[in-house]
Amino acid sequence: MARDTIKASEKSLLDVFCDKYRFSIPPYQRPYAWTTEEVGELLDDLLVAAGEEDPGERSPYFLGSIVLIKDPEEPQADVVDGQQRLTTLTIMLAVFRDLLDGKPKDRAHSYLCEQGDPFAGTTDLYRLRLREREADFFKRTIQEPNATQQLDEADAEGSDARTRIVENAQYLKRRITELPEDQRMHVMTFMIRRCFLVIVEASDAQSAYRVFSVMNDRGLDLSPTDILKADVIGAMPEDQRERYTDIWEDLEDALGRDAFRDLFGHIRMIFRKAKMAETLEAEFKRHIKPAENPVQFVDETLQPLADAYLAVVNQDFASASHAEGINRALRHLSMLDNSDWEAPAILFMARHKQDPESISWFLKDLDRLAYALFITRANINERIARYSLLIASIEKVEDLNVEDSPLQMTKNERDDVFHQLNGPIYDIKRIRLPVLLRLDEEVSDGSATYDHRIITVEHVLPQNPEEPSEWLNWFPDENERSEWTHRIANLALLSSAKNSQAQNFEFDRKKTEYFTRKGTSPFAITSQVLSMASWKPQVLAARQKMLLEKLGSMWRLGGLPDDIEEELG
């Protein structure tokens, strides 16, 4: 086997899911982790990219890169980077296959399985083998013919990786089944013929990991901003280059390398108002063209937006008035699990830097919108669409306070937030802690501070109370108990790690030994629990209504929807 060779090539899926490759996920790789959010984003992108024209006429769609350890003479390939993408594509192809019939079905299966030859004594070999822990499960639930049509909830039991596999397969099955049959054929044809991966093949592990490190460590490789800097500074008159090099590098030092790159992503979003379709530097060169007017780009775009972004990153906006409210809003926004809100924030702050009152008002309404999208689990495409409209409205200097502004929310959107908050929010891991911290701050009238090393979310009514117990006396109906367990009213905050033994304590003991530290709790919503004499269903209903109304007041959501008002009384 040749040593120290690295080869990179761009291949369509037709030339990836073929006899030239037999992919294996090594046991040291992390488990499959993509959720329906990432899978839904990929499917949405493919549907848009496929369009309605002949697939051969469509522009190619780039799916990213994978890094392999592979002998050039053998099909066996260990996947060093790209297993999430390969696994998801395999699931997607299996779902398409299982919705086909006849010859198309057989052909689709060939992309998943290398056909054996009984005369040559060979057997079928699936083109992707997951880690040993999931390999047989993946074969049975995804790769075998008709497997995705026979999935049920029991298949999702077990490891997180198995749960993700089944959830994603069921999600794709539901979405793809909704497509007309001719569109399914069209999209799969587009995937096979016009979707491409960059395959990086290294002849040995050391070379593969070196490639992986360079591709994933932005602190070591030549970043997109380095390339853009060369283009922009190089296009300036020679007598200005030194000055603008200093400006550029001062901004990069102030923000840090990673945040500086993120800033360019936000600038791209402000100009393009669309999801990234190419590399960052390619979109800059094609659509923003900073090298055409390099001085103007630095003076009028880069520097003011960098100054605004620095205040966002550090949450240290400075002014004689409204600074405290502005920085509080930025801290609230920083608790979200996405940064899509940052592009409209820095654009508005840069344009109104002399008007802190307007910035304060804007960020308060942006906080409301961003948390609404967060709580209702809007996906990345929905967020980008909304923020693109908002950016356009800011650029046009439109009134952002009018009812139909993209910054404002319709009654249906406000009611959707209420309904999500009224449900079992503990089950939605990404939103439960940020929402409860915001709620705690509101209950404490803004006086709460959170400098605790550990903050955890705990149930008051235990998830699995034991016999005999006053919990079961208060909640004899299992359905009613289950309904309340994961809702806001039954949740409290702790400034320590959970104690599995203490979670089932009776109410009075739990209050004194688990929810307090030296007789008090640092959290307002937990202190409310301590003041209660019992924890019966009527107590929870009243508390649920009170907490929802607090959140509704904080985010100006209006009154509770009629069905929630009727339920809680």
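Everything here concerns the structure above.
Residues numbered from 1 in each chain as written. Predicted model: local features only at pLDDT ≥ 70, side-chain atom pairs only at ≥ 80, totals over all residues. Heavy atoms only, no water.

Details of the packing of aromatic side chains
Working step 1: Overall, the coordinates contain 13 aromatic pairs when judged by the stated rule.
Working step 2: Geometrically, the ring pair formed by Tyr 21 and Phe 23 is stacked, given 5.4 Å between the ring centres and 5 degrees between the ring planes. Grouping residues by exposure puts Tyr 21 and Phe 23 together as buried.
Working step 3: One aromatic cluster in this structure is built from Trp 248, Phe 260, Phe 264, Phe 284 and Phe 297. (Phe/Tyr/Trp six-rings, centres within 6.5 Å; stacked < 30°, edge-to-face > 60°. Buried < 20%, exposed > 50% of the residue type's maximum accessible area, 1.4 Å probe, protein only.)

Some words on the nonpolar core
Working step 1: If you look at the biggest cluster of nonpolar residues, it comprises 108 residues, and the most contacted ones within it are Leu 263, Trp 341, Leu 363, Leu 366 and Trp 535.
Working step 2: Contacts of Leu 263, omitting those with residues within four sequence positions, involve Leu 255, Leu 302, Leu 305, Ala 306, Tyr 309 and Ile 346.
Working step 3: Among the nonpolar cores identified, the runner-up in size contains 55 residues, and Val 39, Leu 100, Leu 112 and Met 188 belong to it. (Core = buried A, V, L, I, M, F, W, Y, C linked by side-chain atoms within 4.5 Å. Contact = heavy atoms within 4.5 Å.)

Section: helix α12 (residues 294-314)
Working step 1: By the largest-angle criterion, Leu 302 marks the main kink of α12, which is about 30 degrees, and a proline, Pro 304, follows within four residues.
Working step 2: Every buried residue belonging to α12 is among Pro 294, Phe 297, Val 298, Thr 301, Leu 302, Leu 305, Ala 306, Ala 308, Tyr 309, Ala 311 and Val 312, and all of these are buried.
Working step 3: The secondary structure elements touched by the buried residues of α12 are α8 (224-234), α9 (238-255), α10 (257-272), α11 (280-288), α13 (323-334) and α14 (342-351).
Working step 4: After α12 finishes, the residue Gln 315 shows a positive phi value of roughly 50 degrees. (Bend = angle between axes of the 7 residues up to and from the residue. Helix = DSSP H or I, 4+ residues; strand = E, 2+ residues; numbered from the N terminus.)

Some thoughts on unusual backbone geometry
Working step 1: The amide bond that connects Glu 467 to the next residue, Pro 468, takes the cis arrangement and shows omega of -20 degrees.
Working step 2: Within the fold, Pro 468 resides in the loop between β9 (456-459) and α19 (470-474).
Working step 3: The backbone of His 322 shows a phi angle near 70 degrees, a positive value even though the residue is not glycine.
Working step 4: Tracing the backbone through its elements, the reader meets His 322 in the loop between α12 and α13.
Working step 5: By relative accessible area, His 322 is classed as partly exposed at 36%.
Working step 6: In this model, Arg 377 sits at a positive phi of 55 degrees, which is unusual for a non-glycine residue.
Working step 7: Mapping Arg 377 onto the fold places it in the loop between α15 (356-375) and α16 (380-395).
Working step 8: Taking relative accessible area as the criterion, Arg 377 reaches 28% and is therefore assigned partly exposed.

By themselves, these observations are geometric and do not establish any function.
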